[in-house]
Amino acid sequence: MDNIRITSKGIKREARGLLANNWSRALGGMAIYLMVLVLFVQVSQLVTALLGDFGPATAADKATLSSFQDYLTYFTTGGMGINLLIMLVMAIFFFVLSAPLSLGITHWYRNLSLLGNLQVGQIFRYYRSNDLFFSAVIFQGISTVLHILIAIVSFLPSVVCFAVAYVQGSSPDGGFPLMLVLGGVLAFAGIFIYLAISLRFFFAKYLFCGDYGYGAIDCLRYSNKYMKKHVGSVMGVMLSFTGWFLSCIFILPIAYVVPLYNASMAACAQDIIDEHMGETIEIHKKRRERYVSE
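Presented here is a report on the structure given in the accompanying data block. It should be emphasised that the depicted structure is a prediction, and the values quoted were computed from it without experimental measurement. (Residues numbered from 1 in each chain as written. Predicted model: local features only at pLDDT ≥ 70, side-chain atom pairs only at ≥ 80, totals over all residues. Heavy atoms only, no water.)

## What to know about the overall build of the chain
Counting its secondary structure elements, the chain contains 12 helices and zero strands. Overall, the chain shows an N-to-C arrangement of helices and strands of α-α-α-α-α-α-α-α-α-α-α-α. Within the chain, buried positions represent 36% of all 294 residues. Here the chain displays about 16,800 Å² of accessible surface, and carbon together with sulfur accounts for 68% of that area. (Helix = DSSP H or I, 4+ residues; strand = E, 2+ residues; numbered from the N terminus. Buried < 20%, exposed > 50% of the residue type's maximum accessible area, 1.4 Å probe, protein only. Areas by Shrake-Rupley, 256 points an atom, 1.4 Å probe, with all protein chains shown as cover.)

Here it is as C-alpha cells:
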C-alpha cells in the first residue's frame, strides 16, 4: 500500500498551518536548546582556559608544524593528547545530557503534527524518569553511531582521493589536479549517497517518540522497511530548504526557518507512519496490553 504523496509545497503548507498559533512555543523550545548549546561552548572554553595546553610541544615547536605528517606526529605523541581527551569527555558528557532534550523537541513536533499536547514543557519529558532518560540516550547513541558509519561509507572514497592528491601534490610529477577534482566530485556525490542511505532511518526518532513501546532497534528497523519508497520525496522536501538555510547567515531568518523545517519533517514522518504503521502499531499495542494484564 502506497497512497501517500509527499510534496515540498504541500508539506510546507501543512507545517505553516500547524505552526499558525504555535510559533512562540516552537521558538521557546529552540531558544532553550540554543542556550544549552551556548552554555556547553562557554564551559568548554572555560575548562580549556583553566587547564591550559598540555604536552611536550612548546609554542616554538608548534610553529614548525608545516605538513600533514608533522601534525599527525604532534597529535599522536602527546602534544595534544590530553586536550583531545578532555574535549572528547566533555563532548560525550554534553551528548548524554542533551540527547533527551533533542528527543523531547522531536516529541513536541510530533505532538504538533497530531495537534496533541503542545506545552513547551513537553520537551523535558525524557528527564522525568531514569527509564525515559536512558532510553533516550541509548536511542540517540545507536542512531548517531549508525549515521557516523553511513557518513564513513559515503565519504571515504573522496577522502582517499584528497589524501592521494595531497601526497602527489608534494611531488613534481604527481597528478594533483586530477585527484583533487575527482575527490571533489566524489564528495559532492557522497552528500547524496549519505542522504539516500540515512533517510532510510528518517522516521525512526518520531516512531520512538510516539509512546508505542518500540525500542531503538525496532524503530530503526521499521523505518528502514517503510522508507524505501519515500526517500526521494523526503529528500526533495529537505533540499527545498537549502535556500532558506542559506538565508540564516543573516541570523534573523532562523526564527522562521528552523521551526518550519522541524514542523515539515514531523509532518512528513507522521504521514508515512500513519500510512504504513497503523496496523502494526495496533497489533503491538494489543500485545503490550496483554503482557501487562498477565
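## A word on the environment of Ile 11
Tracing the backbone through its elements, the reader meets Ile 11 in helix H1 (residues 8-19). For the pair Ile 11 and Met 265, spaced 254 residues apart in sequence, the C-alpha separation works out to 8.3 Å. Once you skip the residues sitting within four places of it in the chain, Ile 11 turns out to touch Ile 6, Val 237, Ser 264, Ala 267, Cys 268 and Asp 271. (Contact = heavy atoms within 4.5 Å.)

## Re the packing of aromatic side chains
Evaluation of the coordinates by the stated rule reveals 17 aromatic pairs. For the pair Trp 244 and Tyr 256, a centre-to-centre distance of 5.3 Å together with 45 degrees between the ring planes defines the contact as tilted. Highlighted residues: Trp 244 in helix H11 (residues 242-246) and Tyr 256 in helix H12 (residues 254-293), separated in sequence by 12 residues. Owing to a relative accessible area of 32%, Trp 244 belongs among the partly exposed residues under this scheme. Geometrically, the ring pair formed by Phe 245 and Tyr 261 is edge-to-face, given 5.2 Å between the ring centres and 75 degrees between the ring planes. With Phe 245 in helix H11 and Tyr 261 in helix H12, this pair connects stretches of sequence that are 16 residues apart. Accessibility expressed as a relative area gives 35% for Phe 245, which makes it partly exposed. (Phe/Tyr/Trp six-rings, centres within 6.5 Å; stacked < 30°, edge-to-face > 60°.)

## Things to note about a nonpolar patch on the surface
A contiguous nonpolar surface patch, about 620 Å² in accessible area, is contributed by Val 145, Ile 148, Leu 149, Ile 152, Leu 156, Val 159 and Val 160. Topologically, Val 159 is positioned in helix H6 (residues 130-169). Given the relative accessible area of 48%, Val 159 is considered partly exposed. (Patch = residues over 30% accessible without salt bridge, like charges linked within 9 Å, V, L, I, M, F, W, Y side chains within 5 Å. Salt bridge = Lys/Arg side-chain N within 4 Å of Asp/Glu carboxyl O.)

## Comments concerning the layout of surface pockets
The computed volume of the largest pocket comes to approximately 1,100 Å³. If you go around the largest pocket, you meet 36 residues; those closest to its centre are Ser 102, Thr 106, Gln 140, Lys 205 and Asn 262. Of all elements in the fold, only helix H2 (23-51), helix H5 (81-114), H6, helix H7 (176-198), helix H8 (204-208) and H12 reach the threshold of two or more residues within the lining of the largest pocket. Per-element accounting of the lining of the largest pocket gives the leading share, nine residues, to H5. Here the residues of the lining of the largest pocket are counted per class, giving 24 nonpolar, 10 polar and two charged. Taken as a whole, the second largest pocket encloses approximately 150 Å³ of empty space. Considering the residues around the second largest pocket, the lining is formed by Arg 125, Tyr 126, Leu 132, Ser 135, Phe 208, Asp 211, Gly 213, Tyr 214, Gly 215 and Ala 216. Grouping the constituent residues of the lining of the second largest pocket by class yields five nonpolar, three polar and two charged. (1 Å grid on protein atoms, 1.4 Å probe; cavity = no way out; pocket = protein on both sides within 12 Å on 5 of 7 lines; lining within 4 Å. Points joined across faces, edges and corners; volume = space filled by probe spheres on them. Nonpolar A, V, L, I, M, F, W, Y, C, P; charged D, E, K, R; others polar.)

Any functional reading would require information that these geometric values do not contain.
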